[in-house]
Amino acid sequence: MNQAYKDETCAQFACDLAAKSSVPGGGAAAAYSGALGVALAQMVANFTLGKKKYAEFEDDVNRIDARAASLRKRLVELVDEDAESFLPLAEAYAISKDDPSREEAIQLATAKAVECPLQVMRLCCEAVELLEELQEKGSRMLMSDVGCGAALCRGALEAAAMNVYVNTASLSGRQAAAELDDECAGMLAEYVPRAAAVVDGVMRDTRRG
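The structure reproduced in this document is the subject of the present report. (Residues numbered from 1 in each chain as written. Predicted model: local features only at pLDDT ≥ 70, side-chain atom pairs only at ≥ 80, totals over all residues. Heavy atoms only, no water.)

For the structure on display, the rule yields 12 salt bridges. A salt bridge links Glu 190 to Arg 194; the nearest nitrogen and oxygen atoms lie 2.6 Å apart. Taken together, the positions of Glu 190 and Arg 194, both in helix H6 (residues 174-208) and four residues apart, correspond to about one turn of that helix. What makes Glu 190 partly exposed here is its relative accessible area of 39%. Overall, Arg 194 belongs to the partly exposed group, its relative accessible area being 25%. Via salt bridges that share partners, Asp 60, Arg 63, Glu 133 and Lys 137 belong to a single interconnected network. (Salt bridge = Lys/Arg side-chain N within 4 Å of Asp/Glu carboxyl O. Helix = DSSP H or I, 4+ residues; strand = E, 2+ residues; numbered from the N terminus. Buried < 20%, exposed > 50% of the residue type's maximum accessible area, 1.4 Å probe, protein only.)

Here's what the structure looks like:
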């Protein structure tokens, strides 16, 4: 991979996703969606800081701002790392079926390919927690952005999960695959409903407004 997707314009990245190419794909899009979701959390924090109305939450919002910045940076990096992890997998499958090293190469590359979407999921779970807190402590003027952030993180969680499952299905070590699947399922079971609760709460409040 010659280019860094994270350095592209939004328009170019969308064109790259649309192209007849395996990279970037759904995993990179999931990471980017998560980055956008947590970026909105940071925006809400920045608009809340310094407001007298929310002075009691200043320390908490500062903490949220700092953590959201760290999560955003890492998720953007994972856009490229996810794309890069596909290349060894493609190369492994391209090895001749007569080559005895082929299966081991596939297994190693597949195990590596699982790491990025799992990281995306873990980071998005943290982002959902920050957005939940901002729903309580953030500026009321930006609650729609909190809801949008939660919706993006929920989508990123589910998209990344599919990229975990498609790879664990190919792992020959079934116990290790089951453990990864269980971690993935656990995050989905807990954090998709939590993100949905933020979205639903904001939706009710904005429609009522």
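Relative to each other, helix H5 (residues 143-168) and H6 sit at 160 degrees, their axes nearing to 8 Å. By the criterion of interaxial angle, the relationship of H5 to H6 is roughly antiparallel. For the element pair H5 and H6, the recorded crossing hand is left-handed. Its residues assigned to classes, the contact of H5 with H6 comprises 20 nonpolar, four polar and four charged. (Axes fitted to C-alpha atoms, helices over the stretch in contact; angles between N-to-C directions. Parallel < 35°, antiparallel > 145°, perpendicular 65-115°, else oblique. Left-handed = near helix turned anticlockwise from the far one by under 90°. Nonpolar A, V, L, I, M, F, W, Y, C, P; charged D, E, K, R; others polar.)

Take unusual backbone geometry next. Here Val 23 and Pro 24 are connected by a cis peptide whose omega angle stands at -5 degrees. Assignment of secondary structure puts Pro 24 in the loop between helix H1 (10-18) and helix H2 (26-48).

If you look at the biggest cluster of nonpolar residues, it comprises 52 residues, and the most contacted ones within it are Leu 75, Leu 78, Val 120, Met 121, Leu 134, Val 146 and Leu 157. Looking at this core, the elements that each hand over two or more residues are H2, helix H3 (58-94), helix H4 (102-137), H5 and H6. Looking at this core element by element, the count peaks at 13 residues for H4. If we ignore the near neighbours within four places in the chain, the residues touching Leu 78 are Ala 31, Cys 116, Gln 119, Val 120 and Leu 123. (Core = buried A, V, L, I, M, F, W, Y, C linked by side-chain atoms within 4.5 Å. Contact = heavy atoms within 4.5 Å.)

According to the stated counting rule, one finds two aromatic pairs in the structure shown. Ring centres of Phe 13 and Tyr 32 lie 5.3 Å apart, and the angle between their planes is 70 degrees; this geometry places the pair in the edge-to-face category. In this pair, Phe 13 is assigned in helix H1 and Tyr 32 in helix H2, connecting sequence segments 19 residues apart. A residue is classified by how much of its surface remains accessible, and Phe 13, at 6% relative accessible area, is buried. Given a relative accessible area of 27%, Tyr 32 falls into the partly exposed group. Grouping aromatic residues by their ring pairs yields a cluster made of Tyr 5, Phe 13 and Tyr 32. (Phe/Tyr/Trp six-rings, centres within 6.5 Å; stacked < 30°, edge-to-face > 60°.)

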